[in-house]
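Summary of structural features
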Amino acid sequence: MRLQLMSWPEVEAYLRRSNGIIVPIGATEQHGPVGLVGTDAICAETLAWEAGELSGAAVGPTLPVGMSEHHMHFPGTITLRPTTLAAVVRDVALALARHGFRRLLFVNGHGGNTAAINTGFFEAYSDAPRAVAGGEELRCLCLEWWHLPSAARLSAELFGDRDGDHASASEVSVAAAAYPDHLKHAAMAAEPPPTSRVFGPADFRRRYPEGRMGSHPELATVEAGRAIIAAVAADIAEEYRRFLGEA
Ligand code: NI
């Protein structure tokens, strides 16, 4: 049930039976020579929508731009400052809480967002006693989808040690399953540079001239993406049920 496709009376009726919601959050950043710039947002929303179907959860609008400073030397990347992203997360969480949503599960598509998302949660907790009247306490949880058990299992089964870190075959497959007409092909070096520390956007582009980190996105397929979506969405739905039931 997508919030953006509901009317306010439908949201009001939903809130009489549940105070939970899933919020996809992604990024708009380069994903190597064949990955879509929208990969992280597309993965987060595709998985969140499917988990919403499985669990009956409302799914909020996708937050499509994240903290991508380290990718800014590749065209197409858009970044928020970490403090801006934390403020966006805080404001969204408190707005939802003011209507009665109290269990907010963020499905995160981008590792660079994690610190700012958690900062935003604590900003919301700090302000909730003044901003939100009564009811259960506000709880927010951030899930990195690629860390879920099914994602790790399928990554190993489908791609072995060639899945990689940034522009992984797994995430490019999920985006390909969502937009099969946009599967791309490009010439790439046989082996990407191994993953190492990165200190900023110029350093990132120097170390990873193609934009991928240890990954083989050319292995991505629509079929792999469909398998990942089904299994990982089930994991998210399970985490959501556990989150709602937690004492
Ligand atoms: Ni990504």
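That block above? That's the structure.
What comes next concerns the included structure. Along each chain, the written sequence defines residue order, and numbers are assigned to residues from 1. Where local features are concerned, this predicted model is filtered to residues with pLDDT of at least 70; where side-chain atom pairs are given and counted, the filter is 80 or more; whole-chain, interface and lining totals use all residues. In computing side-chain values, all of the structure's heavy atoms are included and hydrogens and water are not.

So, on to the pattern of salt bridges. What counts as a salt bridge is simple: a side-chain nitrogen of Lys or Arg found within 4 Å of a carboxyl oxygen of Asp or Glu. Evaluated as defined, the whole model comprises 13 salt bridges. Residue Glu136 is joined to Arg103 by a salt bridge in which the shortest nitrogen-to-oxygen separation is 2.6 Å. Placement of the pair is Glu136 in the loop between α4 (114-131) and β4 (139-144) and Arg103 in strand β3 (residues 103-108), with a sequence separation of 33 residues. Overall, Arg103 belongs to the buried group, its relative accessible area being 4%. We count a stretch as a helix when DSSP gives it H or I for four or more residues in a row; a strand needs E for two or more, and each element gets its number in order from the N terminus. Each residue is assigned to one of three classes by its accessible area relative to the maximum for its type, calculated with a 1.4 Å probe on protein chains only: buried under 20%, partly exposed between the two thresholds, exposed over 50%.

With that settled, consider unusual backbone geometry. A negative phi angle is the norm for most residues apart from glycine, just as the trans form is the norm for most peptide bonds. With a phi angle near 60 degrees, Ala167 is a residue other than glycine that sits in the positive phi range. As for its position among the elements, Ala167 is in the loop between α5 (149-159) and α6 (169-178).

As a further point, take the sheet that holds β3. Strand order in the open sheet formed by four strands is β2-β1-β3-β4, with parallel pairing between adjacent strands. The open sheet has two free edges, formed respectively by β2 (58-59) and β4, since each of these has just one partner strand. Across the sheet, helix α2 (residues 39-55) is in contact with β1 (20-25), β2 and β3; its angle to β1 comes to roughly 160 degrees. Two residues form a contact once any of their heavy atoms are found within 4.5 Å. The angle between two axes is taken between their N-to-C directions and runs from 0 to 180 degrees, where each axis is a line fitted to C-alpha atoms and a helix contributes only its stretch in contact. Relative to the sheet, α4 contacts β1, β3 and β4, its axis offset from that of β4 by approximately 175 degrees. Strands are labelled as partners when DSSP assigns at least two bridges between them.

What we call a nonpolar core is a set of buried Ala, Val, Leu, Ile, Met, Phe, Trp, Tyr and Cys residues that are connected through their side-chain atoms within 4.5 Å. Residues Ile22, Leu104, Phe106, Leu138, Trp145, Val232 and Ile236 are the most contacted members of the largest nonpolar core, which totals 54 residues. When neighbours within four sequence positions are excluded, Ile236 is seen to be in contact with Leu47, Ala51, Leu105, Val107, Leu143 and Leu148.

Once that is clear, we can look at the packing of helix α3 (residues 82-99) against α4. At a closest axis distance of 7 Å, the pairing of α3 and α4 adopts a crossing angle of 40 degrees. With respect to α4, the element α3 is oriented oblique. Pair α3 / α4 crosses with right-handed handedness. Residue-level contacts link Pro82, Leu85, Ala86, Val89, Arg90, Ala93, Leu94 and Arg98 of α3 to Ala116, Ile117, Thr119, Gly120, Phe121, Glu123, Ala124, Asp127, Ala128 and Ala131 of α4. Note on residue classes: Ala, Val, Leu, Ile, Met, Phe, Trp, Tyr, Cys and Pro are nonpolar, Asp, Glu, Lys and Arg are charged, and everything else, Gly too, is polar. Of the residues belonging to the contact of α3 with α4, the class tally is 12 nonpolar, two polar and four charged. When an angle is under 35 degrees it counts as roughly parallel; over 145 it counts as roughly antiparallel; between 65 and 115 it counts as roughly perpendicular; any other value is oblique. Crossing handedness is defined as follows: a turn of the near helix away from the far one that is anticlockwise and smaller than a right angle gives a left-handed crossing, while the clockwise case is right-handed.

Counted residue by residue, β1 has six buried out of six residues, so it is predominantly covered. Burial along β1 is two-sided: the face carrying Gly20, Ile22 and Pro24 and the face carrying Ile21, Val23 and Ile25 are both buried. With six bridges connecting them, β1 and β3 associate as parallel partners. Within β3, the residue paired with Pro24 across the bridge is Val107. Sheet analysis places β1 next to β2, joined by two bridges and oriented parallel. Looking at the pairing, Ile21 lines up with Ala58 of β2. Note on handedness: a clockwise path from strand one over the helix to strand two, with the strands aimed away from the viewer, defines a right-handed crossover. Handedness of the crossover joining β1 and β2 through α2: right-handed.

To pair, rings of Phe, Tyr and Trp, with the six-membered ring standing in for Trp, must have centres within 6.5 Å; the planes then decide the type, stacked if under 30 degrees apart, edge-to-face if over 60, and tilted in the middle. Tallying each qualifying case throughout the model produces six aromatic pairs. Centroid distance Tyr14 to Phe101: 6.1 Å. Interplanar angle 35 degrees. Geometry classified as tilted. With a gap of 87 residues between them, Tyr14 in helix α1 (residues 8-17) and Phe101 in the loop between α3 and β3 connect regions that are remote in the sequence. Grouping residues by exposure puts Tyr14 and Phe101 together as buried. Their ring planes at 65 degrees and their centres at 5.1 Å tell us that Phe106 and Phe121 sit as a pair that is edge-to-face.

Pairs of cysteine sulfur atoms within 2.5 Å are identified as disulfides in what follows. Inspection of every chain in the model, using the stated rule, returns zero disulfides. Residue Cys140 stays outside any disulfide, its sulfur separated by 10 Å from that of Cys142, the closest cysteine.

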